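Fold and contact review
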Amino acid sequence: MNDMSNTVAEIDAAAAAAEAKRRRIRSIAIALGLGFLVIMFYAATIVHLGANVANRAI
Amino acid sequence: MTTAASDAGVGQSLKVLEPGVGDFVTLMKPRVMTLVILTALAGMLLAPGAIHPVIGLIAMIAISVGAGASGALNMWYDADIDENMARTAARPIPRGRVTPDEALQFGGVLSVMSVLTLGVLVNWVAGALLALTIAYYLFIYTMWLKRLTPHNIVVGGAAGAFPPMIGWAAVTGTVSLESILLFLIIFMWTPPHFWALALLRSRDYERVGVPMLPVVAGPAETRKQILLYSIVLVPLAILPAFIGLGGLTYGIASVGLGAIFLWFAFNVWRITEGREADKACKQLFWFSILYLYALFAILVVEGAMNRLLA
């Protein structure tokens, strides 16, 4: 009986650890994706602006 | 003792369920993505007009990610079929490496982001075509036609044929007859390619209730349809050489490779029994991949050369 409750507790702990790891991987992936998106939008903005910013009349 | 044994078992089983980066890459169907990249690049390089290399690269990334996202959504919806077919049983969802919810979120987020990126940073015609491609593949093909009609591949094949049109639209902001021709080549190529595979895997499709043509109409009708589609495909694939899309190299390759394609399709129609029949289907299936890759690779090289020398 004691053995059984120990096993259940260990399964719960292992499942929680696995879930935490999944969440961590997901968070890292979202961060990397957003970072990449920011770089793409920044690069595209620079290309679209081109020399227009530098040539602006005062 | 019981605890130690259970502990090892629990650890092992949970380890199997943890997803890795590779599982999410697999969800995006990387082999299909390579064809999407190649055909979209061909559309982009052959289109009249100029595109800044950075914007062109962003367009290619968005198109590739959009294609991968639709692959993930397809695997999410088809998980029940995939687990019962030998060809697809090792995919991440049937293996328990990725949960269906994770695949849906992954595919959904990437779909929205790829369309918005293409629309905002390149142009909205290309963005709308990418959105149409993803929606067509998920709703028209995966959810509706695949389980309903033996013409699933014919109509659904349009989804795989859109990328050169999207690449073209990324440069020109329009859809033209030339880009529709590139679309039609892939559209007409898809049925003989998939039906050659379906002839080999018809028992799998029958077991999971997918009405592929060999299951519904029988192998003889499928073989006839493969030959008929091939007869339409080969001249269509030669046409770019006559309207200025392809050069001399493309013209020669499309005739030579087209003749081999027709020969293999003829063999599939002619040889109907035994191992030789299976061999003919395998030959056509593998050659059809080489055929499409080779034609579009030549278009890419010719398009790139023309732009560099212009």
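Given the structure is predicted, the values throughout are model-derived calculations rather than measurements.

**Some details on the overall build of chain A**
In terms of regular secondary structure, chain A is built from 1 helix and 0 strands. A compact globule built from 58 residues would reach a C-alpha radius of gyration of about 10 Å, whereas chain A, at 25 Å, exceeds it by more than 25%. Overall size of chain A, expressed as C-alpha extent along the three principal axes, is 85 × 15 × 5 Å. Looking at chain A as a whole, 2% of its 58 residues qualify as buried.

**Quick notes on the overall build of chain B**
Of regular secondary structure, chain B possesses 16 helices and 0 strands. The C-alpha radius of gyration computed for chain B amounts to 21 Å, which stays within 12% of the reference 19 Å derived for 310 residues, consistent with globular compactness. Counting only C-alpha atoms and orienting by the principal axes, one finds that chain B spans roughly 75 × 55 × 30 Å. Buried positions account for 46% of the 310 residues belonging to chain B. Of the contacts made within chain B by residues no fewer than 6 positions apart, 73% connect residues no fewer than 24 positions apart.

**Considering the domain arrangement of chain B**
All names here are of chain B. According to the domain assignment, chain B contains domain 1 (18-174) and domain 2 (176-310). Once you take the C-alpha centre of each, domain 1 and domain 2 turn out to be 21 Å apart. Taken together, the contact pairs 28 residues of domain 1 with 30 residues of domain 2. Elements supplying a minimum of two residues to the side of domain 1 that touches domain 2: α3 (30-46), α8 (152-156), α9 (158-161) and α10 (163-172). Broken down by element, the residue count for the side of domain 1 that touches domain 2 peaks at 7 residues, all from α3.

**Things to note about α10(B)**
Residues and elements named next belong to chain B. Across the 10 residues that make up α10, a large majority, 10, are buried. Of the surrounding elements, those touching the buried residues of α10 are α3, α4 (53-77), α7 (124-145) and α11 (177-200). Note on α10: the residue one or two positions beyond its end, Gly 173, has a positive phi of about 75°.

Cut-offs applied
- Residues numbered from 1 in each chain as written.
- Chains lettered and ligands numbered in written order.
- Predicted model: local features only at pLDDT ≥ 70, side-chain atom pairs only at ≥ 80, totals over all residues.
- Helix = DSSP H or I, 4+ residues; strand = E, 2+ residues; numbered from the N terminus.
- Rg over C-alpha atoms; globule rule 2.2 N^0.38 Å.
- Buried ≥ 20, exposed ≤ 12 C-beta atoms within 10 Å, placed from the backbone.
- Contact = placed C-beta atoms within 7 Å.
- Domains from an automatic or database assignment.

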